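Breakdown of the fold
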Amino acid sequence: MSITGDPILGENADLHGTELGKRQRNKLDKQRRIVAAATALFQAKGFEDTTTAEIATAAGIGAGTLYLYVESKEELLVSAFVNVAVEAWTEAFELVDRSAKVVDQIMTLLLHVTDHHEADRRLARSFFKELPYVSTSGRVGTDAFTGWFSKRLASLLDDASTNGMLDPDVPKYTLAFNLYSLWQVLMRRLVTDRIAYDEMVTQLEDAVRVAVWGMTPEA
């Protein structure tokens, strides 16, 4: 049973946006307790060193009961990621100055979430190291998040076009997806200690400038 879409669609909605009854809400509350317990353990111990038995104990349920709600520890990692990512990106979008240059808008957005993950390196390492290899069922959750994010960034880019700061013929959703993919690659290098923070920021800004090259008045 997937629980990864709940933070995106709302407190009382399933993956299809359907309103839930009391029984379903109670079930969703227990699912959220499980995800919260898993997230705390991933933060404290990392993904690999956390067991499902520990998650069940922290959530106040039996180990066997856990599998009535989730299929695997991997699924819990996806759910934890969606919860953390939606909150961080929502905050980031609110910080963007829409009168600023497009590159500056994008960098404000990406750097806020970079710093958010950098503040919790162990959890971030679990996300960026493990999520690229999740199963097909796990990718449903990560794909749902990527779609949610890309639509929000595409809307930001649409506003930039309306304000004359970005070529109106640019396919906004594709550009948004490309920018997110660039950021993911650099984040994976950062949290696995293959690149220092300052170097990551420099490479990110260079990558963003190249991604919008020729699409903005300043270019």
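Residues numbered from 1 in each chain as written. Predicted model: local features only at pLDDT ≥ 70, side-chain atom pairs only at ≥ 80, totals over all residues. Heavy atoms only, no water.

Here's the deal with the confidence of the model for the protein chain
The pLDDT averaged across the protein chain works out to 88; a share of 90% of its residues lies at or above 70. Counting interchain partners and residues more than four positions distant, the pLDDT-below-50 stretch residues 1–17 has 45 contacts. (pLDDT = per-residue confidence, 0-100. Contact = heavy atoms within 4.5 Å.)

What to know about the pattern of salt bridges
Side chains that differ in sign of charge can pair as their charged atoms come close. One pass over the structure, following the stated rule, counts seven salt bridges. As a salt-bridge pair, Glu54 and Lys45 come within 2.5 Å of each other at their nearest N and O atoms. With a relative accessible area of 28%, Glu54 lands in the partly exposed category. A salt bridge links Asp159 to Arg98; its shortest N-O distance comes to 2.5 Å. Residue Asp159 is located in helix α8 (residues 136–162), and its partner Arg98 is located in the loop between α5 (73–95) and α6 (102–118); the two are separated by 61 residues in the primary sequence. On the basis of relative accessible area, Arg98 is assigned to the partly exposed category, the value being 34%. Here the salt bridges do not stand alone but share partners, grouping Glu118, Arg121, Arg125 and Asp193 into one network. (Salt bridge = Lys/Arg side-chain N within 4 Å of Asp/Glu carboxyl O. Buried < 20%, exposed > 50% of the residue type's maximum accessible area, 1.4 Å probe, protein only. Helix = DSSP H or I, 4+ residues; strand = E, 2+ residues; numbered from the N terminus.)

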